[in-house]
Amino acid sequence: MKRERKGEIWDFEHELPARGGGGGEKLILGLDGGTSNTICVCMPIIPFTPNHSPPVYARAVAGCSNHNSVGETAARETLEQVMAEALSKSGCSRSVVRAVCLAVSGVNHPTDQQRILDWLSDIFASDVEFFVENDAVAALASGTMGKLHGCVLIAGTGTIAYGYTEDGREARASGAGPVLGDWGSGYGIAAKALTSVIRSYDGRGPKTMLTCSILHQLQLSSPDELIGY
């Protein structure tokens, strides 16, 4: 295996049999990375049919892996953490991994994809296949049995709409982050609510029931305490 990044993450591999665990079986790691949390599953590479899904050997969960939210270093550490944890739980090492599929929010441009591909190639063997997409692509594929045709709308911490035509054309809307455009997202709704409270407190907006509700929920005594919360 290539260089030992944050060696302690991969220390478990030293305790595995020389063949890397897995009994000779070849595995795939699938990651769904969002602004709230990141999930990695470890599965065998076997034929997939609508009536028979491959078993999930292990599942690991961590925090945000969107580099636009936490920075590139923290995002990569989170992705590496969940991959290592999933493999550790399955009793396997990187040597039996044949493919890694990352669907991560914040992957919006070919340069984003290439940075992650370069980083993955520094962790896994040269014969491992890598697939890096925006998490909206994985969401669409999960509802169409892998066929990229149709539209998907995600409204979570952030928001994005993504679509593919049958002839391979694609289009997207929103998904540009909280500053440039995540309208209708959890973040966007919360920001509007907090803005309404502050505008009311300043006398620039009407009274709102949100003031009492939000202050009670956050255990604050005055709207001006929101500023440093």
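It should be emphasised that the depicted structure is a prediction, and the values quoted were computed from it without experimental measurement. (Residues numbered from 1 in each chain as written. Predicted model: local features only at pLDDT ≥ 70, side-chain atom pairs only at ≥ 80, totals over all residues. Heavy atoms only, no water.)

1. Structural notes on the side chain of glutamate 13
For clarity, the cut-off: The numbering of helices and of strands both runs from the N terminus, where a helix is a DSSP run of H or I of at least 4 residues and a strand a run of E of at least 2. To sort residues, take the accessible area from a 1.4 Å probe on protein chains only and compare it with the maximum for the residue type: under 20% means buried, over 50% means exposed, and anything in between is partly exposed. As used in this structure description, the phrase polar contact means that two N or O atoms lie within 3.5 Å; if the pair is within protein, one of them must be able to donate a hydrogen and the other to accept it, and residues adjacent in sequence are counted only when both atoms belong to side chains. Here, residues are in contact when the closest pair of their heavy atoms is within 4.5 Å.
By the element assignment, glutamate 13 lies in the segment before β1 (27-33). According to the relative accessible area criterion, glutamate 13 is buried, its value standing at 15%. Within polar-contact distance, the side chain of glutamate 13 engages the side chain of arginine 94 at 2.8 Å. If we ignore the near neighbours within four places in the chain, the residues touching glutamate 13 are Ser93 and Arg94.

2. Points about the packing of helix α6 (residues 186-202) against helix α7 (residues 210-218)
Our working definition: To obtain an axis, a line is fitted to C-alpha atoms, over the contacting stretch when the element is a helix, and the angle between two such axes runs from 0 to 180 degrees between their N-to-C directions. Oblique is the label for every angle not falling under 35 degrees (roughly parallel), over 145 degrees (roughly antiparallel), or within 65 to 115 degrees (roughly perpendicular). With the far helix as reference, a near helix turned anticlockwise by less than a right angle produces a left-handed crossing, and one turned clockwise produces a right-handed crossing. Side-chain classes follow a simple rule in which Ala, Val, Leu, Ile, Met, Phe, Trp, Tyr, Cys and Pro form the nonpolar group, Asp, Glu, Lys and Arg form the charged group, and the remainder, Gly included, forms the polar group.
At a minimum axis separation of 9 Å, α6 and α7 run at an interaxial angle of 115°. As judged from the angle between their axes, α6 and α7 are roughly perpendicular. Between α6 and α7 the crossing geometry is left-handed. Of the residues in α7, those in contact with Ala193, Leu194, Ser196, Val197 and Ser200 of α6 are Leu210, Thr211 and Ile214. When the residues that make up the contact of α6 with α7 are grouped by side-chain class, the tally is 5 nonpolar, 3 polar and no charged.

3. A closer look at the pattern of salt bridges
Opposite charge on two side chains permits pairing when their charged atoms draw close. Convention followed: Salt bridges are defined as contacts in which a side-chain nitrogen from Lys or Arg sits within 4 Å of a carboxyl oxygen from Asp or Glu.
The full count for this structure, using the stated rule, is 8 salt bridges. One salt bridge in this structure joins arginine 76 and glutamate 72, with 2.6 Å as the shortest N-O distance. Taken together, the residues span about one helical turn, with arginine 76 and glutamate 72 both in helix α2 (residues 72-90) at a distance of 4 residues. Salt-bridge contacts for glutamate 166 lead to lysine 147; the nearest nitrogen and oxygen are separated by 3.9 Å. Taken as a pair, glutamate 166 in the loop between β7 (159-164) and β8 (170-174) and lysine 147 in the loop between α4 (135-143) and β6 (150-155) lie far apart in primary sequence, 19 residues in all. Owing to a relative accessible area of 63%, glutamate 166 belongs among the exposed residues under this scheme. Via salt bridges that share partners, Glu72, Arg76, Asp112 and Arg115 belong to a single interconnected network.

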